[in-house]
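Here's the letter readout for the chains.
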Amino acid sequence: MQDSSLGLMQFHDHHQQYLYGSSASPYLPHHHGFIHTNEDHPCTGKDVPELPEPATVGIVGQMEEASGARGDGGVPVEERKDARMRVEEEEAEEEDAHGMRMIALLMECAVAMSVGNLADANGALLELSQMASPYAPSCGERLVAYFTRAMAARLMSSWVGVCAPLQLAPPACAAIHAAFRAFYNVAPFARSAYLACNQAILEAFRGKRLVHVVDLDIVPGGALQWLSLLPALAARPGGPPVLRVTGFGVSASALHDAGNQLAGLASKLGIPFEFYAVAKRPGDVVDAVTDLPSRRPGEAVAVHWLRHALYDAAGDDDVTMRLIRWLDPKVLTLVEQERGPAGGDGGQFLDRFVSALHHYSAVFDVLGAARPADEDASRHLVENGVLGREIGNVLAVAGPARSGRERFGSWQEELARNGFLRASGGGRAQLLAGACPAALGYTVADDHGGTVRLGWKGTPLYAVSTWTWCGPPHARA
């Protein structure tokens, strides 16, 4: 990289390297219209009628008042309003009873499945499948529909005796990326997390000429996060730095697409740029020296990790931790779901079920509030492509007995145990308060220890934490 004016994009896929120049529905409702008539009644007589006597006017007025105070069939308006309110209350009670029955059946199914009573679990699932639809107007019913689907998948794999993690074939990567982009647009959580992480990275890169961002899983969001970081780097006083981005991911095509997008923007902004694609999970790295670019003298490294349950993006947790320590980052930004220990992916099945039900019920509520229309295509894409897939992975696959791998109980605790220190939030909670307005039901909480929690109506849903590496100088050896 002798000539900083020419940015190179280098893709690594284990054995080959590629160089690129940075310069170069049936459920639609029926809408019923109303026919309004306004017929004029012409006078049949030829003579102009005389004005009525005052007494006659009074009688007519009384008749009009009586007519206005009574509805069709002579029923008073107040009685019609009361009847309508009673019908609405009965419908609401029926809907509440329907929702409570579905949740009770879900709990019965989970308990039966946790003790191996597959027959009772199957009976509950058969009833649930007739009660819940992913296209229902109710957020709760849609939630139950996806939980039912996940529990059915777990039941089938338990009967067959085979369970494998969700595979991520190239078509699935494209679908996940499209669904995640919809999630990014519909709800503010991903946007806010990106904003907080980019702010921390900008602070860590202040005054540094050579900077390197390592994204441990670039597939879900693609280049979304870094497309907003590049303009901020380009606007730095004294000019932009020499930027290198390394992206991990299980899809080579997704990595190349992200690299091409970033290279194009870097060229427009005049940022010297390199992109390295590592088509594997960070937990599958055997030799970091071979898979990753060599570190430049004086280079500042930022590691970013958006943890999710769309698929197993990390691999072995211990190997991933060793890789992060080897990178010796100036800052580490971590985004996690608030779903209990191990992000809700470890521990006993019943604990995972309860944590997942609590978490995703709030997320479904967020989407329902943001996109209340019954047939909103973007909301359905998010619920089916992101949340439904995560629910299926958490309930049908996750857990050491089924995945064959023990997970860290808490990544934040493991980072602290491995020489990382929490970095100050630096006012990021105030920064995110505008992106997640409290008036709409969103909550932003700063624990003043480097973690900002994003939530909905007091329920924490996502945690954004910032860390600095304080390990020994020979950690990269």
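In case you missed it, the structure is sitting above this.
What this report covers is the structure whose coordinates are included nearby.

Analysis parameters
- Residues numbered from 1 in each chain as written.
- Predicted model: local features only at pLDDT ≥ 70, side-chain atom pairs only at ≥ 80, totals over all residues.
- Heavy atoms only, no water.
- Helix = DSSP H or I, 4+ residues; strand = E, 2+ residues; numbered from the N terminus.
- Buried < 20%, exposed > 50% of the residue type's maximum accessible area, 1.4 Å probe, protein only.
- Areas by Shrake-Rupley, 256 points an atom, 1.4 Å probe, with all protein chains shown as cover.
- Core = buried A, V, L, I, M, F, W, Y, C linked by side-chain atoms within 4.5 Å.
- Contact = heavy atoms within 4.5 Å.
- Expected span 1.5 Å × (residues − 1).
- Axes fitted to C-alpha atoms, helices over the stretch in contact; angles between N-to-C directions.
- Left-handed = near helix turned anticlockwise from the far one by under 90°.
- Nonpolar A, V, L, I, M, F, W, Y, C, P; charged D, E, K, R; others polar.
- Salt bridge = Lys/Arg side-chain N within 4 Å of Asp/Glu carboxyl O.
- Phe/Tyr/Trp six-rings, centres within 6.5 Å; stacked < 30°, edge-to-face > 60°.
- Lys NZ or Arg CZ within 6 Å of the ring centre and 35° of its normal.

Thoughts on the overall build of the chain
Stage number 1. Broken down by element type, the chain carries 15 helices and eleven strands.
Stage number 2. Going through the 477 residues of the chain one by one, you find that 46% of them count as buried.
Stage number 3. Accessible surface, the chain as shown: approximately 23,800 Å² in total, 55% of it carbon and sulfur.

Some thoughts on the nonpolar core
Stage number 1. Judged by nonpolar contacts, the single largest core of 72 residues is most densely connected at Phe147, Met151, Phe183, Phe189, Phe353, Tyr360 and Leu395.
Stage number 2. Considering each element in turn, this core owes the most residues, ten residues, to helix H11 (residues 349–370).
Stage number 3. With sequence-adjacent residues up to four places away left out, Tyr360 is seen in contact with Leu143, Phe147, Gln337, Arg339, Leu387, Glu390, Ile391 and Val394.
Stage number 4. One finds Leu230, Ala258, Phe273 and Ala277 within the second-largest nonpolar core, a separate group that totals 25 residues.

A closer look at unusual backbone geometry
Stage number 1. Not every positive phi belongs to a glycine, and Asp328 is a case in point at roughly 50°.
Stage number 2. Among the structural elements, Asp328 can be located in the loop between helix H10 (317–327) and strand S7 (331–337).

Points about helix H6 (residues 189–204)
Each turn of an α-helix holds 3.6 residues, which means side chains three or four residues apart point in the same direction.
Stage number 1. Here H6 contains 16 residues, and its C-alpha end-to-end distance of 23 Å stays within 8% of the 22 Å for a straight helix at 1.5 Å per residue.
Stage number 2. Every buried residue belonging to H6 is among Phe189, Ala190, Ser192, Ala193, Tyr194, Ala196, Cys197, Asn198, Ala200, Ile201 and Ala204, and all of these are buried.

Topic: the packing of helix H3 (residues 118–131) against helix H4 (residues 139–160)
Stage number 1. At a closest axis distance of 10 Å, the pairing of H3 and H4 adopts a crossing angle of 145°. Where H3 crosses over H4, the handedness of that crossing is left-handed. Across the interface between the two elements, Leu118, Ala121, Asn122, Leu125, Leu128, Ser129 and Met131 of H3 pack against Glu141, Val144, Thr148, Met151, Ala152, Leu155, Ser158 and Trp159 of H4.
Stage number 2. Among the residues making up the contact of H3 with H4, the classes are represented as ten nonpolar, four polar and one charged.

What to know about the pattern of salt bridges
When the charged atoms of two side chains with opposite charge come close together, those side chains can pair.
Stage number 1. Within this structure, the stated rule accounts for 14 salt bridges.
Stage number 2. Between Glu299 and Arg296 there is a salt bridge, with the nearest N and O atoms lying 2.7 Å from each other. As far as burial versus exposure is concerned, Glu299 and Arg296 are alike and both buried.
Stage number 3. Between Glu338 and Arg453 there is a salt bridge whose closest N-O contact spans 2.8 Å. In this pair, Glu338 sits in the loop between S7 and H11 while Arg453 sits in strand S10 (residues 451–456), placing the two residues 115 residues apart along the sequence.
Stage number 4. On the accessibility criterion, Arg453 (27% relative accessible area) is partly exposed.

Structural notes on the packing of aromatic side chains
Stage number 1. With the rule as written, the count across this model stands at ten aromatic pairs.
Stage number 2. Consider the rings of Phe147 and Phe353, whose centres lie 5.8 Å apart with planes at 90°: the pair is edge-to-face. Highlighted residues: Phe147 in helix H4 and Phe353 in helix H11, separated in sequence by 206 residues. Note on accessibility: Phe147 and Phe353 belong to one class, buried.
Stage number 3. Aromatic pair Trp305 and Trp411: ring centres 4.8 Å apart, planes at 90°, arrangement edge-to-face. With Trp305 in strand S6 (residues 300–306) and Trp411 in helix H14 (residues 411–417), the pair connects residues that are 106 residues apart, well separated along the chain.
Stage number 4. Using a relative accessible area of 4% as the deciding quantity, one classes Trp305 as buried.
Stage number 5. Of the aromatic side chains, those joined through ring pairs into one cluster are Phe189, Tyr442, Trp456 and Tyr462.
Stage number 6. One residue, Arg307, lies across the ring of Trp305, its end atom 5.3 Å from the ring centre.

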